[in-house]
Amino acid sequence: MSRVLLIYILLCLRGCLEVNSQTSVPIRLSEYSYHRPDEDKESWQRLNLLLGATDIVVAKEGNVEHDTCLYIASRSMGLSRFSVLAEGLDAWEWKDQSQWMDRQEPGIGIRLLSEATGRKHLQLLLLLGSYYAFQPRSYYRYKDSVEYFLSRAVYESKLLKDEKLGWQALCLLGKIHAQANDPEADSIFNKVIDQSREAGDKETEARAFAYRGMYTAPLRSTLQKKMSDLQTASELYNKAGNTEAEINAVTDLGYMLVVTGQFQPAYEVFLKALYLAEAIQFPYTHYSTDNLAMVGLYQGKFGEPLRYTLQTINVAERCRDSLAWRYFYSRLAVIYVSEGRGKERIDIIQKAVNRFVIDRDPAVFGMANSLVSIMVEQGNAKEALNLILEISKKVAVPQTFSDQFGYHLALSDCYLALNKLNLAEMHIGMMDSVETQAEQIRGPFWRSTVESQYAYLFIARKQYRKAKELLERHFATAAGGQRTLGSDLDTYQLLITADSALGNHQSVAAHYKKYISLLDSSFRVTKIRQAEELQVMYETQEKVDQIAALNQQAKLEKDNLKQATLVKNLTLAGIIGVIIIAGLLYRQNRLRLKNNKVISHKNEQLQNLVSDKEWLLKEIHHRVKNNLQIIMSLLNSQSVYVDNDAALTAIHDSQRRVQAISLIHQKLYLSENMSSIDIPQYINELVIYLRDSFNIGNRIVFEQDIEPVELDVSHAMPLGLIVNEGIVNALKYAFPGNRKGRVNIGLQSDGDDFLTLIISDNGVGLPAELNVLEHESLGLSLMQGLAKQLNGSFQIENRDGLQLRVRFNKINHLQLDGNSEN
């Protein structure tokens with residue numbers, strides 16, 4: 001079972017071992033002092049993000065698209081995606097204004113677009129188009145938005161004669177079509193390539209090749225073209241002097257070479273990426289060294305993969321880039337597992353598993369298999385099963401082929417060890433199904449592992465002939481990575497077991513002879529590996545010591561220089577500081593005096609404006625009041641010539657209503673406060689006017705219970721008209737035949753924000769058969785309409801006479817709504 005475990009770990013972590021040695025390649029540990037990645041220059045931020053995002057794409061076997069991985073890398077590294085989205089736009093000055101990109105708030109960008117003109121407008125069109133083009137599944141979710149902004153950008157670039165930005169818009173359009181494997185992508189990129197090549201713009205031509213090579217869907221039919229495009233892009237970037245972009249293109253090319261099984265060319269390409277990074281002192285070399293370790297394991301190298309893996313972890317931890325720590329730790333665990341390093345193996349496996357669980361990454365099952373193997377060897381198969389089930393609750397559901405395969409492999413190992421063969425068979429069947437689906441994309445890779453698990457199952461069930469047939473297929477396997485020294489040893493052991501059970505002693509002897517031969521080879525390989533690894537550790541430690549010594553020497557020199565110039569700097573700083581402070585104090589005093597004069601002048605102007613405004617408002621209210629008095633005089637004159645009682649009554653009613661309004665304007669222009677009306681005083685004067693106009697003497701008594709309150713004009717006007725109508729109605733109809741009576745007028749608070757107006761009399765009231773709601777009366781309709789204007793309720797009822805009740809909100813809602821909109 002350990003053979004199966006070893007094969008799976010090496011494959012799922014992109015590495016395996018063969019029996020050979022190699023010449024040591026010197027490794028340079030660059031001097032580095034931690035700083036925040038967002039303090040790097042734009043091109044370094046972009047390269048760091050792209051390398052991290054692509055590493056996740058590879059780790060997830062392409063099942064998670066590049067744009068999603070870019071978002072994950074951005075969040076993990078604390079870097080804005082702006083450096084990637086704004087590539088080729090010459091818009092780095094927009095970075096601080098483009099935080100909306102990372103906050104997923106494109107509405108802010110659209111608002112900025114409406115305020116921009118000229119080239120800035122074109123750049124913002126491109127930024128918005130790029131924002132949507134780099135959203136996950138942009139072709140299916142945001143294609144309309146991408147095409148809208150980028151088509152306008154292409155049009156405006158022609159108007160502004162800015163071909164470079166127009167080509168970048170086309171590159172972004174090509175990107176979303178390429179990701180969906182849309183044939184239109186080729187025509188778009190070819191157009192950019194032809195035009196930029198004719199203009200001699202190698203940078204844009206390289207970007208078009210790089211976009212097509214990077215974002216075209218990775219299918220068997222597209223791999224060769226992707227590699228050709230990336231190779232061309234790297235050469236063009238080299239000619240253009242863009243080393244960072246060349247590193248990214250070369251790295252992507254290396255991944256394609258690994259996928260197609262071209263390990264030596266991939267190794268050379270990754271080594272080139274590392275040398276280019278060190279040439280520009282790019283500090284984040286851990287992705288390049290990890291790729292070299294990966295290919296080295298595929299090639300069966302020993303010391304070099306360990307060297308690169310240790311350097312990868314060292315650089316990643318110093319840079320505090322935790323994005324891929326779990327995979328780096330896993331790589332080291334693979335090397336330790338292959339050597340059977342007791343405690344070191346367990347410690348690094350546990351460290352890798354913990355990191356996977358922290359990140360909720362279902363790829364944890366690849367490393368968890370190592371713990372399962374150890375626990376099964378110790379007789380703790382039940383605890384191993386509980387461990388896998390517990391881990392499965394803490395991580396996401398496995399989605400990729402390798403994650404699903406690792407999960408079922410771990411459970412099948414546990415159930416085989418517990419002799420729960422039916423459950424083991426179920427999970428082996430799931431492994432078989434996953435591998436069958438994966439083979440349709442990348443060919444057989446884990447088929448040998450599936451067959452080995454079936455062989456263990458058949459041996460446990462004593463079906464030795466079936467087991468023997470599967471095990472013999474192992475030696476016919478031609479796929480790279482499935483024939484290793486350890487796997488051959490374990491296979492021979494199982495064949496010896498099966499042949500012994502079948503009584504085939506001749507086969508037992510043959511297999512045992514081959515097993516002993518391989519065991520001897522394994523011993524010699526172990527000695528070679530140990531020697532090379534000792535050399536790796538020695539050279540690595542030597543480099544670390546050299547860097548520490550150089551850092552110490554540099555620190556001493558800096559300290560001496562600081563001490564020599566400290567007094568001089570302090571003296572100069574003190575003199576300059578005194579001069580600056582004196583100058584600032586003098587300047588501040590002059591500014592204060594000047595500002596005081598300006599403020600005083602502005603205050604005088606504002607006061608004059610306020611006074612003029614108040615005078616104008618008073619004059620307006622005065623003129624309105626005079627005009628209303630003229631209207632009343634006209635109505636009075638008209639009444640002299642009217643001999644119809646109904647018309648005469650209507651004229652007198654209109655006079656009273658106009659007087660109610662006129663009285664408000666009179667109050668406003670006579671008052672110091674022109675924004676509100678003193679309601680008790682206003683109602684009292686209105687009552688006096690109505691009593692005089694009806695000439696009732698002391699026959700009818702008015703009782704007022706008005707709460708001291710001031711209302712704005714919008715409330716006072718309809719309230720006054722309601723009071724007018726209510727009193728007039730009482731005087732005209734409540735006391736027929738010169739009866740004596742009483743009219744009560746009340747206005748009281750009803751809750752925090754409401755007032756209730758009650759006008760009642762002790763007159764004859766309404767006839768019992770009269771339906772108030774159906775009765776047509778101008779006065780009644782007017783009061784109902786005015787109550788609605790106050791947003792209030794209107795009630796009328798017989799209660800020892802007639803009672804009118806209006807409840808309304810004293811807060812001016814129209815004014816509040818206007819303020820909230822402002």
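Everything numeric here is computed off the predicted structure, so don't read it as measured data.

Quick notes on the rules
Along each chain, numbering runs from 1 in the same order as the chain's sequence is written. Local features in this predicted model are restricted to residues of pLDDT 70 or higher, and side-chain atom pairs are both shown and tallied only at a pLDDT of 80 or more, whereas totals for entire chains, interfaces and linings draw on every residue. Side-chain metrics rest on all non-hydrogen atoms present in the structure, leaving aside hydrogens and water. Secondary structure elements are taken from DSSP: a helix is a run of H or I of four residues or more, a strand is a run of E of two residues or more, and numbering for both begins at the N terminus. Partly exposed residues are those whose accessible area sits between 20% and 50% of the maximum for their type, while under 20% is buried and over 50% is exposed, using a 1.4 Å probe and protein chains only. We call two residues in contact whenever any of their non-hydrogen atoms come within 4.5 Å of each other. Each accessible area value is a Shrake-Rupley result obtained with a 1.4 Å probe; residue values ignore everything except the protein chains displayed when judging cover. Residues enter patches when their relative accessible area tops 30% and they take part in no salt bridge; the joining distance is 9 Å for like charges and 5 Å for the nonpolar side chains Val, Leu, Ile, Met, Phe, Trp and Tyr. Criterion for a salt bridge: a side-chain nitrogen of Lys or Arg within 4 Å of a carboxyl oxygen of Asp or Glu. Expected span of a helix, by definition, is 1.5 Å for each gap between consecutive residues, and there is one gap fewer than residues. Helix axes are fitted only over the stretch in contact, all axes being lines through C-alpha atoms; the angle between N-to-C directions runs from 0 to 180 degrees. Working definition: roughly parallel below 35 degrees, roughly antiparallel above 145 degrees, roughly perpendicular at 65 to 115 degrees, and oblique for all remaining angles. A crossing counts as left-handed when the near helix is turned anticlockwise from the far one by less than a right angle, and as right-handed when that turn is clockwise. Gly is put with the polar residues, along with every residue not named as nonpolar or charged; the nonpolar set is Ala, Val, Leu, Ile, Met, Phe, Trp, Tyr, Cys and Pro, and the charged set is Asp, Glu, Lys and Arg. At least two DSSP bridges between two strands are needed for those strands to be called paired. Here a Phe, Tyr or Trp ring, Trp counted by its six-membered ring, pairs with any other such ring whose centre lies within 6.5 Å, and the pair is stacked when the planes are under 30 degrees apart, edge-to-face when over 60, and tilted otherwise. A ring is considered to have a charge above it if a Lys NZ or an Arg CZ atom is located within 6 Å of its centre and within 35 degrees of its normal. What we call a nonpolar core is a set of buried Ala, Val, Leu, Ile, Met, Phe, Trp, Tyr and Cys residues that are connected through their side-chain atoms within 4.5 Å. Polar contact is defined as a pair of N or O atoms within 3.5 Å, subject to the rule that within protein one atom must be able to donate a hydrogen and the other to accept it, and that residues adjacent in sequence are counted only when both atoms are side-chain atoms. What pLDDT expresses is the predictor's confidence in each residue, scored from 0 to 100.

**Observations concerning the overall build of the chain**
1) Next: Within the chain, the regular secondary structure consists of 31 helices and 7 strands.
2) Next: Relative to its 822 residues, the chain shows a buried fraction of 49%.
3) Next: In the chain, 67% of the contacts between residues at least 6 apart in sequence involve partners at least 24 apart.
4) Next: Counting every atom, the chain has about 40600 Å² of accessible surface; 53% of that belongs to carbon and sulfur.

**Considering a nonpolar patch on the surface**
1) Next: A cluster of nonpolar side chains, contributed by L572, I576, I580 and L584, occupies part of the molecular surface with about 360 Å² of accessible area.
2) Next: One can find L584 in helix α26 (residues 505-640).

**Focus: unusual backbone geometry**
1) Next: Of note, the phi angle at N181 is positive, near 60 degrees, even though the residue is not glycine.
2) Next: Even without being a glycine, D800 presents a positive backbone phi close to 55 degrees.
3) Next: Here D800 is to be found in the loop between β6 (793-798) and β7 (802-809).

**Some remarks on helix α16 (residues 303-319)**
1) Next: Over its 17 residues, α16 extends 24 Å from the first C-alpha to the last, a length consistent with the 24 Å expected when each residue adds 1.5 Å.
2) Next: For α16, the tally of buried residues reaches 13 of 17 residues, placing the bulk of the element in the interior.

**A look at the packing of helix α8 (residues 143-159) against helix α9 (residues 163-179)**
1) Next: At a minimum axis separation of 8 Å, α8 and α9 run at an interaxial angle of 160 degrees. With respect to their mutual orientation, α8 and α9 come out roughly antiparallel. Along this stretch, α8 crosses α9, giving a crossing that reads as left-handed. Residue-level inspection shows K143, V146, E147, L150, A153, V154 and S157 of α8 in contact with α9, the latter providing G166, A169, L170, L172, L173, I176 and H177.
2) Next: Grouping the amino acids of the contact of α8 with α9 by side-chain chemistry returns 9 nonpolar, 3 polar and 2 charged.

**Describing the pattern of salt bridges**
1) Next: Scanning all chains against the criterion turns up 25 salt bridges.
2) Next: One salt bridge connects K272 with E246, and the closest N-O pair in it is separated by 3.7 Å. A residue pair is termed long-range when its members are at least 10 positions apart, and K272 in helix α14 (residues 263-279) and E246 in helix α13 (residues 243-259) qualify at 26 residues.
3) Next: E246 gets classed as buried once you look at its relative accessible area, which sits at 3%.
4) Next: Two residues, D290 and R331, come together in a salt bridge whose shortest N-O distance is 3.0 Å. Of this pair, D290 sits in helix α15 (residues 286-298) while R331 is found in helix α17 (residues 325-339), placing the two residues 41 residues apart along the sequence. Comparing D290 with R331 shows no difference in burial state: the two are buried.
5) Next: It is possible to trace a salt-bridge network through shared partners that takes in E42, R46, E87, E203 and R207.

**Some thoughts on the sheet that holds strand β2 (residues 700-706)**
1) Next: One open sheet accounts for 5 strands, arranged β2-β4-β5-β7-β6; its pairing is mixed. Here the strands that pair on one side only, and so sit at the sheet edges, are β2 and β6. Across the sheet, the axes of successive neighbouring strands diverge by a mean angle of 10 degrees, strand direction being ignored.
2) Next: Direction of pairing for strand β5 (residues 754-761) relative to β7: antiparallel, over a ladder of 7 bridges. By the bridge assignment for β7, L755 is matched with F808.

**Points about the packing of aromatic side chains**
The geometry of an aromatic ring pair is captured by the separation of the ring centres together with the interplanar angle, meaning the angle of the planes.
1) Next: With the rule as written, the count across this model stands at 13 aromatic pairs.
2) Next: Pairing Y131 with Y132 gives two aromatic rings, centres 5.0 Å apart and planes at 75 degrees, and the pair type is edge-to-face. Of the two residues examined, Y131 and Y132, each falls in the buried class.
3) Next: With a centroid separation of 5.0 Å and an interplanar angle of 70 degrees, the aromatic rings of F365 and Y407 are classed as edge-to-face. Of the two residues, F365 is situated in helix α19 (residues 364-377) and Y407 in helix α21 (residues 401-417); the sequence distance between them amounts to 42 residues.
4) Next: In this structure F365 comes out as buried when scored by relative accessible area, which is 1%.
5) Next: Among the aromatic residues, those joined into a ring-pair cluster are W100, Y131, Y132, Y142, Y148 and F149.
6) Next: For K175, the ring lying beneath its charged end belongs to Y215, and the centroid distance is 4.9 Å.
7) Next: Over the aromatic face of F754 sits the side chain of R807, whose NZ or CZ is 4.1 Å from the ring centroid.

**Notes on the nonpolar core**
1) Next: In terms of nonpolar packing, the biggest core is built from 171 residues, with L126, L127, F134, V146, F270, I349 and I388 touching the most fellow members.
2) Next: Counting residues per element, this core draws most heavily on α17, which supplies 10 residues.
3) Next: The residues touching I388, leaving out its near neighbours within four places in the chain, are F365, A368, V372, A410, L411 and C414.
4) Next: Ranked by size, the runner-up nonpolar core spans 42 residues in total, among them I706, V709, V723 and L755.

**Considering the pairing of β7**
1) Next: Most of β7 sits out of view: 6 of its 8 residues are buried.
2) Next: In this structure, β6 lies alongside β7, joined through 6 bridges in antiparallel fashion. Looking at the pairing, I796 lines up with L804 of β7.
3) Next: The hairpin formed by β6 and β7 contains 3 residues between the paired strands, and D800 there has a positive phi angle of roughly 55 degrees.

**Some details on the environment of S114**
1) Next: For S114, the location among the structural elements is in helix α5 (residues 106-115).
2) Next: Given a relative accessible area of 61%, S114 falls into the exposed group.
3) Next: Of note is the side chain of S114, whose polar atom sits 2.5 Å from the backbone oxygen of R111.

**Points about the pairing of strand β4 (residues 741-749)**
1) Next: Pairing of β2 with β4 involves 7 bridges; the strand directions are parallel. Paired with Q704 across the two strands is I745, which belongs to β4.
2) Next: Inspection of the sheet shows β4 paired to β5 by 7 bridges, in the antiparallel sense. In the strand pairing of β5, V743 is matched with D761.
3) Next: As consecutive antiparallel partners, β4 and β5 are separated by 4 residues, and within that stretch G751 has a phi angle of approximately 90 degrees, a positive value.

**Quick notes on the confidence of the model for the chain**
1) Next: On average, the chain scores 80 in pLDDT, and the residues at 70 or more come to 81%.
2) Next: In this model, residues 1-30 is a region of pLDDT below 50 whose contacts with residues beyond four sequence positions or in other chains number 118 contacts.
3) Next: In this model, residues 813-822 is a region of pLDDT below 50 whose contacts with residues beyond four sequence positions or in other chains number 2 contacts.

**Here we look at the side chain of E87**
1) Next: Tracing the sequence through the fold places E87 in the loop between α4 (82-85) and α5.
2) Next: What makes E87 buried here is its relative accessible area of 10%.
3) Next: Setting aside anything within four residues of it in sequence, one finds E87 in contact with R46, Q168, R207, Y211 and Y237.

**Here's the deal with the environment of P106**
1) Next: With respect to the helices, strands and loops of the structure, P106 is situated in helix α5.
2) Next: With a relative accessible area of 16%, P106 lands in the buried category.
3) Next: For P106 and Y132, which are 26 residues apart along the polypeptide, the C-alpha to C-alpha distance reads 8.9 Å.
4) Next: Contact partners of P106, with chain neighbours within four places excluded, come to W100, L128, Y131 and Y132.

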